[in-house]
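The residues making up each chain are set out below.
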Amino acid sequence: MEKSLETIVAWAKRRGFAYPGSDIYGGLANAWDLGPYGTEIKRNIEHVWWTYFVQQRDDIIGLDSQILMNPKVWEASGHVAWFSDPLIDCKKCKSRERADKLIEDTITSKNMTLESIQAVVAVTTITPEAWDFEQQTTFLTGFKVKCPKCGSCDWAEPKKFNLMFKTQQGVIEGQGTDIYLRPETAQGIFVNFRNILDTTRSRIPFGIAQIGKAFRNEITPGNFMFRVREFYQMEIEYFVENDTEKGLESFEAWKNASKKRWKEEIGIKEENMRFRDHDQDELSFYSKGTCDVEYLFPRGWGELQGIAYRTDYDLKQHMEHSGKDLQYNDPYTGKRYIPHCIEPSRGLTRAILTALIDAYDEEKYTDGNGAEQTRIVARFHKNIAPVKFAVIPLVKKDEKIVGFAEDLYRKLSKQYMCEFDDSGNVGKCYRRQDEIGTPYCITVDYQTLEDGTVTIRDRDTMEQKRIKPEEIIL
Ligand code: GAP
């Protein structure tokens, strides 16, 4: 089934997964608030991730660091100098684009090969993100790339645009210190490395996990929640010995684990995911490898997660800039060194979008009267479905039936997110619950009062069977 982004957005708004931010004031471009069901999906994704990595693994611990950090952090990390995108202005209509993305779109839409590009631009990779400004300009002019807004080919020179949001700390206007909203959660982990070593029994290899908000002043946000300016990340910094061979082993292990986790935790279909190893010339000078887990979004493949082997770069930078010793003392060998680090970094906001797209389905079926019907069904993995059970009294005028259903709902709600629906029309209730992806609907009727059984209906197969309430499990 073809799923357009427009269909997904309309469904997400209609069913309370996401709303345009500041809606009653006309919205704020590319800002999305999570509605009640989107919020549940977010909590569920966080929960399965945290449970697997932090609760069940002995070698990873959690952290919750600040969004606002000392500005020196971002000098040390390289964000002040390097965290920028190439911005180009259309001289005619003054619209602004990201040069590398515009080139990438041109390459994809025209099905260009590296050879065909090399006939005009001296590049060694087909990834424009890795090209310099001169190469990007040559491509734009050489292939007469048009402005998507007005069709002109008259571009100004690309310039660096830093993506960090700046704000001021301090109560006197104009006299405060410039600080940044963090553009990633990772640096909060690096700056706490010493604290973690000093206060926990962590021994190399070990990881630190954090979930939180990040902010980036993206030049071309869009595609619903794919690229936004305020979003959640789930990051781990996994510290290993300062030995490249061991680091690469750990990097491979993280790559293999990652795809499996997307499938098992969130239920993302394997055929919609792929790994993309970065070419050597896409890597930063300190990196020994980067691999993206990508998903086939309606507008094409896009990054879900980046897994990077960052060597000792970050700790070394913070050690130099802060003057604090961030070396590790191996208690067994007596060796003292700056650990290497593997960084599996996921976008949580992007994971929510992926879960919505992957789950959305439209299915034809024949109803009880033999008529062909279409239903929208969100086939969320049970782990992340926003509502797990809907309890429906079939006869809303019968106090005993309603009372039984209410008791059952209260009992199940202690363990699961549930809904109680006594609106009366069971067919409508099923359709509504299918659309929000509730795995099971439970109906209470006259037979319940006789033998204590209820009917449980499976969202995916629509099969119904009678069971005892104590047999209800997810
Ligand atoms: N610390 C490494 C880091 O931040 P990244 O590849 O820039 O790496 C990690 O970001 C993940 O965060 C991405 O794989 C993506 O899922 C998510 N992400 C990045 N920018 C985003 C944006 N503007 N909107 C939504 N998600 C974003």
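Residues numbered from 1 in each chain as written. Predicted model: local features only at pLDDT ≥ 70, side-chain atom pairs only at ≥ 80, totals over all residues. Heavy atoms only, no water.

## Considering the overall build of the chain
And step 1. Within the chain one finds 15 helices and 23 strands.
And step 2. In terms of its C-alpha atoms, the chain occupies a principal-axis envelope of roughly 75 × 65 × 50 Å.
And step 3. Per-residue burial over the chain gives 50% buried out of 474 residues.
And step 4. Partitioning the intrachain contacts of the chain with sequence separation of at least 6 by distance along the chain shows that 65% fall at a separation of at least 24.
And step 5. Carbon and sulfur atoms provide 48% of the accessible area of the chain, an area that totals close to 23600 Å². (Helix = DSSP H or I, 4+ residues; strand = E, 2+ residues; numbered from the N terminus. Buried < 20%, exposed > 50% of the residue type's maximum accessible area, 1.4 Å probe, protein only. Contact = heavy atoms within 4.5 Å. Areas by Shrake-Rupley, 256 points an atom, 1.4 Å probe, with all protein chains shown as cover.)

## Some points on the domain arrangement of the chain
The parts lose accessible area when they come together, and the size of an interface is often stated as this lost area.
And step 1. Taken domain by domain, the chain comprises domain 1 (5-68 + 165-357), domain 2 (85-162) and domain 3 (387-471).
And step 2. The straight-line distance from the C-alpha centre of domain 1 to that of domain 3 is 39 Å.
And step 3. The partner domain 3 presents 7 residues to the 7 residues of domain 1 that form the contact.
And step 4. For the domain 1 face of the interface with domain 3, the top three residues by lost area are Arg15, Tyr37 and Glu40, together amounting to 71%.
And step 5. Remark: the boundary between domain 1 and domain 3 carries 2 salt bridges.
And step 6. Close ionic contact of glutamate 435 with arginine 14 constitutes a salt bridge, the shortest N to O distance being 2.8 Å. (Domains from an automatic or database assignment. Buried area = accessible area lost by both parts, 1.4 Å probe. Salt bridge = Lys/Arg side-chain N within 4 Å of Asp/Glu carboxyl O.)

## Details of the sheet that holds strand S21 (residues 440-444)
And step 1. Across the sheet, which stays open at both edges, the 5 strands sit in the order S20-S19-S21-S22-S23 with mixed pairing between neighbours. The outermost strands of the open sheet, each flanked by one partner alone, are strand S20 (418-420) and strand S23 (464-467). Each strand axis lies, on average, 25 degrees off the axis of its neighbour in the sheet, ignoring direction.
And step 2. Here S21 runs beside strand S22 (residues 454-458); their pairing, made up of 4 bridges, is antiparallel. Looking across to S22, one finds that cysteine 441 is bridged to arginine 457. (Pairing = 2+ DSSP bridges. Axes fitted to C-alpha atoms, helices over the stretch in contact; angles between N-to-C directions.)

## Regarding the sheet that holds strand S5 (residues 96-98)
Backbone hydrogen bonds hold the strands of a sheet together, and the pairing may be parallel or antiparallel.
And step 1. With antiparallel pairing, 3 strands are arranged side by side in an open sheet as S5-S4-S6. Each edge of the open sheet carries a strand with a single partner, namely S5 and strand S6 (159-162). Across the sheet, the mean angle from the axis of one strand to that of its neighbour is 50 degrees, orientation sign disregarded.

## Considerations on the site of the ligand
And step 1. Lining the immediate environment of the ligand, one finds 19 residues, of which Glu184, Glu218, Val228, Glu235 and Glu303 sit closest.
And step 2. Interatomic distance of 2.8 Å between a side-chain N/O atom of arginine 216 and an oxygen atom of the ligand.
And step 3. Interatomic distance of 3.2 Å between a side-chain N/O atom of glutamate 343 and a nitrogen atom of the ligand.
And step 4. For the ligand, the protein covers 89% of the area, taking 560 Å² as the surface of the free molecule.
And step 5. Taken together, the elements giving at least two residues each to the shell around the ligand come down to strand S10 (230-240), strand S13 (300-311) and strand S16 (340-347). (Near = heavy atom within 4 Å. Polar contact = N/O pair within 3.5 Å; in protein donor to acceptor, adjacent residues only side chain to side chain.)

## Some points on unusual backbone geometry
And step 1. Of the consecutive residues isoleucine 204 and proline 205, the connecting peptide bond is found in the cis state with omega at 5 degrees.
And step 2. Along the chain, proline 205 falls in the loop between helix H9 (193-199) and strand S9 (206-215).
And step 3. With a phi angle near 45 degrees, lysine 144 is a residue other than glycine that sits in the positive phi range.
And step 4. Locating lysine 144 in the fold gives a position in the loop between helix H7 (133-142) and S6.
And step 5. The backbone of threonine 311 shows a phi angle near 50 degrees, a positive value even though the residue is not glycine.
And step 6. Note on placement: threonine 311 falls in strand S13.

## Brief notes about the layout of surface pockets
And step 1. Empty space within the second largest pocket amounts to approximately 420 Å³.
And step 2. Lining the second largest pocket are 21 residues; nearest its centre among them are Ala31, Trp32, Lys213, Glu230 and Phe231.
And step 3. Of the residues that constitute the lining of the second largest pocket, the class distribution is 13 nonpolar, 4 polar and 4 charged. (1 Å grid on protein atoms, 1.4 Å probe; cavity = no way out; pocket = protein on both sides within 12 Å on 5 of 7 lines; lining within 4 Å. Points joined across faces, edges and corners; volume = space filled by probe spheres on them. Nonpolar A, V, L, I, M, F, W, Y, C, P; charged D, E, K, R; others polar.)

## Points about the environment of glutamine 210
And step 1. As for its placement among the helices and strands, glutamine 210 is situated in strand S9.
And step 2. Exposure remark for glutamine 210: the relative accessible area of 0% places this residue in the buried category.
And step 3. Remark: the alpha-carbon pair of glutamine 210 and proline 393, spanning 183 residues in sequence, is separated by 42 Å.
And step 4. Once residues within four sequence positions are removed from consideration, glutamine 210 is found in contact with Trp49, Trp50, Leu63, Asp64, Ser65, Arg182, Thr185, Gly188, Ile189, Gln233, Met234 and Glu235.
And step 5. A distance of 3.0 Å separates the side chain of glutamine 210 from the backbone oxygen of threonine 185, its partner in a polar contact.

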